Amino acid sequence: MAFRLPFLKNNRQVNDRLLTTENLPKHVAIIMDGNGRWAKKRGLPRVAGHKEGMKTVKKIVRKAVELQIEALTLYAFSTENWKRPKPEVETIMKLPNEFLSTYLPELMENNVRVQTIGYTEALPQHTRNAIHIAMEKTANNTGLILNFAINYGSRAEIVEAVKQIATDVKQNKIMIDDIDEDCISEHLFTRKISDPDLLIRTSGEVRLSNFLLWQNAYSEFYFTDVLWPDFNEEEFEKSLAVYQNRKRRYGGI
Ligand code: V0D
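This one's a predicted model, so the numbers in the text were calculated from it and none came from an experiment. Residue numbers here run from 1 along each chain, matching the order of that chain's written sequence. Only residues with pLDDT of at least 70 are given local features in this predicted model, and only at 80 or more are side-chain atom pairs given and counted; all residues enter the totals for whole chains, interfaces and linings. Water and hydrogen atoms were dropped before computing side-chain values, which therefore reflect all heavy atoms in the structure.

Trainee: Quick question: what am I supposed to make of the site of the ligand here?
Mentor: For this purpose, a residue is taken to be near a molecule or strand whenever a single non-hydrogen atom of the residue falls within 4 Å of it. Neighbouring the ligand are 18 residues, the closest being H50, A76, L95, F99 and F148. A 1.4 Å probe and the Shrake-Rupley method give the accessible areas. Residues count as covered only by the protein chains that appear here. Contact with the protein chains covers 99% of the free accessible surface of the ligand, which is 530 Å². By the criteria applied, helices consist of DSSP H or I runs no shorter than four residues and strands consist of E runs no shorter than two, each listed in order from the N terminus. For the shell around the ligand, the elements supplying multiple residues, two or more each, are α2 (46–66), β4 (71–78), α4 (95–109) and β6 (145–152).

This is how it looks when you write it as structure tokens:
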């Protein structure tokens, strides 16, 4: 099946205007940047941007479900984000509860499974509780994996993996020669999901910012100036069409 994308106005190839259900990325990772900037532009407090960004999450999850994408990993809070003003951090930590109290029934209806990556032990207890309940309730769902990266940092994740592998060697559980790429992948938070096929970053920054360094080794990168609260179904489809066209170009004749 093919969807027409009327907003892509270029005249290059018929294919450039089509989003097909073939060659969709299985796993899409997104750096949801630009929430604070969106708010500032409107003279609103930064937290208003985060709340608006939460609405975008719902839109993108619905679209990912519709397109039968297997996994969506969203960078919701980095290990660096603790440096923000305390009231802002406190409000952000209430978002999982706010999100789930209104949206968990729809996640259940849509067969979505909630997971997290990152050092969630360090989150406030109320935040951990909300996330824990969502993960438990959705544990047997078999559709989209909705994976929130919270208090996540990629280098720290790799350091932990190295320590664990070194411990396993010391205890004679594995031999040095058993350490290969699969072994390292299996020691990362993402061990149960495939590597991202597509990485999206909104808001004009063109950096990886310590997000899934190992896992993004072969991903296609899509950067857009659109701020996360302004990102929507159409912008998401546009990024997927760009991904498909890149695959077509170098996969083809
Ligand atoms: C703020 C824009 C949903 C980016 C989106 C705690 C930054 C809104 C969640 C969420 C955040 C997390 C887990 C869960 C359900 C929902 C979320 C955080 C920030 C960090 F099970 N939005 N959201 N979590 N923002």
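Trainee: Help me understand the packing of aromatic side chains in this model?
Mentor: Two aromatic rings are characterised by how far apart their centres lie and by the angle between their planes. Each Phe, Tyr or Trp ring, with Trp reduced to its six-membered ring, pairs with another whose centre is within 6.5 Å; inter-plane angles below 30 degrees give stacked pairs, above 60 give edge-to-face pairs, and intermediate values give tilted ones. In total, this model carries 10 aromatic pairs according to the counting rule given. Between the aromatic rings of F77 and W82, the centroid separation amounts to 5.0 Å while the plane-to-plane angle is 75°, which identifies the pairing as edge-to-face. Exposure categories follow from relative accessible area, calculated using a 1.4 Å probe and restricted to protein chains: below 20% of the type maximum is buried, above 50% is exposed, and the middle band is partly exposed. On the accessibility criterion, W82 (35% relative accessible area) is partly exposed. An aromatic cluster of three or more residues is present, and its members are Y75, Y119, Y152, F189 and F211.

Trainee: Would you mind going over the layout of surface pockets with me for this structure?
Mentor: To find leftover empty space, a probe the size of one water molecule is rolled over the atoms. The volume enclosed by the largest pocket comes to roughly 840 Å³. The set of elements that each furnish at least two residues to the lining of the largest pocket consists of α1 (35–41), α2, β4, α4, β5 (113–117), α5 (125–137) and β6. Among the elements that take part in the lining of the largest pocket, α2 stands out by supplying 5 residues, more than any other. Throughout, the protein atoms alone are placed on a 1 Å grid, and a set of points is a cavity if a 1.4 Å probe fits but cannot get out or a pocket if it is open with protein on both sides within 12 Å along at least five of seven lines; lining residues have an atom within 4 Å of a point. Grid points are joined across faces, edges and corners, and a volume is the space filled by probe spheres set on the points.

Trainee: What is the right way to look at the nonpolar core in this model?
Mentor: Note that soluble globular proteins tend to have their nonpolar side chains buried in a common cluster. Throughout, nonpolar core names a set of buried Ala, Val, Leu, Ile, Met, Phe, Trp, Tyr and Cys residues whose side chains join them through atoms within 4.5 Å. Of all hydrophobic cores here, the largest spans 44 residues; its most connected members are V28, I30, L72, L107, F236 and L240. Considering every element that reaches this core, the biggest residue donor is α4, with 6 residues. Counting 9 residues, the second-largest nonpolar core is a separate cluster that includes I31, Y75, I117 and L199.

Trainee: What is the right way to read the pattern of salt bridges from this model?
Mentor: A side chain with one charge can pair with a side chain of the opposite charge if their charged atoms come near. One side-chain nitrogen of Lys or Arg within 4 Å of one carboxyl oxygen of Asp or Glu is enough to make a salt bridge. Inspection of every chain in the model, using the stated rule, returns 15 salt bridges. The partner of K63 in a salt bridge is E66, and the shortest N-O contact between them spans 3.2 Å. Of this pair, K63 and E66 are both found in helix α2, 3 residues apart, which corresponds to roughly one turn of the helix. We note a salt bridge from K83 to E80, for which the minimum N-O separation is 2.5 Å. By relative accessible area, which is 46% here, E80 ends up partly exposed.

Trainee: Just checking my understanding: could you explain α2 for this structure?
Mentor: Note that an α-helix has 3.6 residues per turn; residues three or four places apart therefore point the same way. A helix is expected to reach a length of 1.5 Å times the quantity of its residues less one. The terminal C-alpha atoms of α2 lie 31 Å apart, and with 21 residues this matches the ideal 30 Å at 1.5 Å per residue to within 8%. Regarding α2, the residues found buried are G49, H50, G53, M54, T56, V57, K58, I60, V61, K63 and A64. A positive phi of about 60° marks Q68, the residue just after α2.

Trainee: Quick question: what am I supposed to make of the confidence of the model for the chain here?
Mentor: Close inspection of predicted coordinates is inappropriate for parts of the model with low pLDDT. For the chain, the mean per-residue pLDDT works out to 94, and 92% of the residues sit at or above 70. For the chain, strand β1 (residues 2–4) is the element with the lowest average pLDDT, namely 68, and strand β3 (residues 27–31) is the one with the highest, namely 99. Contacts for the low-pLDDT stretch residues 8–15, under 50 throughout, to residues beyond four places or in other chains number 9 contacts. Per-residue confidence from the prediction method is given by pLDDT, with values spanning 0 to 100. Residues are treated as being in contact if the distance between any of their heavy atoms lies within 4.5 Å.

Trainee: Just checking my understanding: could you explain the sheet that holds β4 for this structure?
Mentor: Reading across from one edge, β5-β6-β4-β3-β7-β8 is the order of the 6 strands in this open sheet, with parallel pairing throughout. Edge strands, defined here as strands with exactly one partner in the open sheet, are β5 and β8 (220–223). On average, each strand axis in the sheet is inclined to that of its neighbour by 20°, with strand direction left out of account. The pairing of β3 with strand β7 (residues 198–201) spans 4 bridges and is classified as parallel. Its bridge partner lying in β7, A29 is registered against L199. DSSP bridges decide pairing: two strands pair if at least two such bridges lie between them. Geometry is summarised by axes, namely lines fitted to C-alpha atoms with helices restricted to the contacting stretch, and by angles between N-to-C directions that run from 0 to 180 degrees.

Trainee: How should I be thinking about the packing of α2 against α4 in this particular structure?
Mentor: When two helices pack together, their arrangement is given by the angle between the helix axes and the distance between those axes. One can describe the packing of α2 onto α4 by two numbers: an axis separation of 11 Å at closest approach and a directional angle of 25°. Judged on the interaxial angle alone, α4 and α2 are roughly parallel. Where α2 crosses over α4, the handedness of that crossing is right-handed. Together, H50, K51, M54, V57, K58, V61 and R62 of α2 and L95, E98, F99, T102, Y103, E106 and L107 of α4 make up the contact between the two elements. Gly falls in the polar group here, along with every residue not listed as nonpolar (Ala, Val, Leu, Ile, Met, Phe, Trp, Tyr, Cys, Pro) or charged (Asp, Glu, Lys, Arg). Its residues placed into classes, the contact of α2 with α4 shows 7 nonpolar, 2 polar and 5 charged. In these notes the angle categories are as follows: under 35 degrees is roughly parallel, over 145 is roughly antiparallel, 65 to 115 is roughly perpendicular, and the rest is oblique. Should the near helix be turned anticlockwise from the far one by less than a right angle, the crossing is left-handed, and should it be turned clockwise, the crossing is right-handed.

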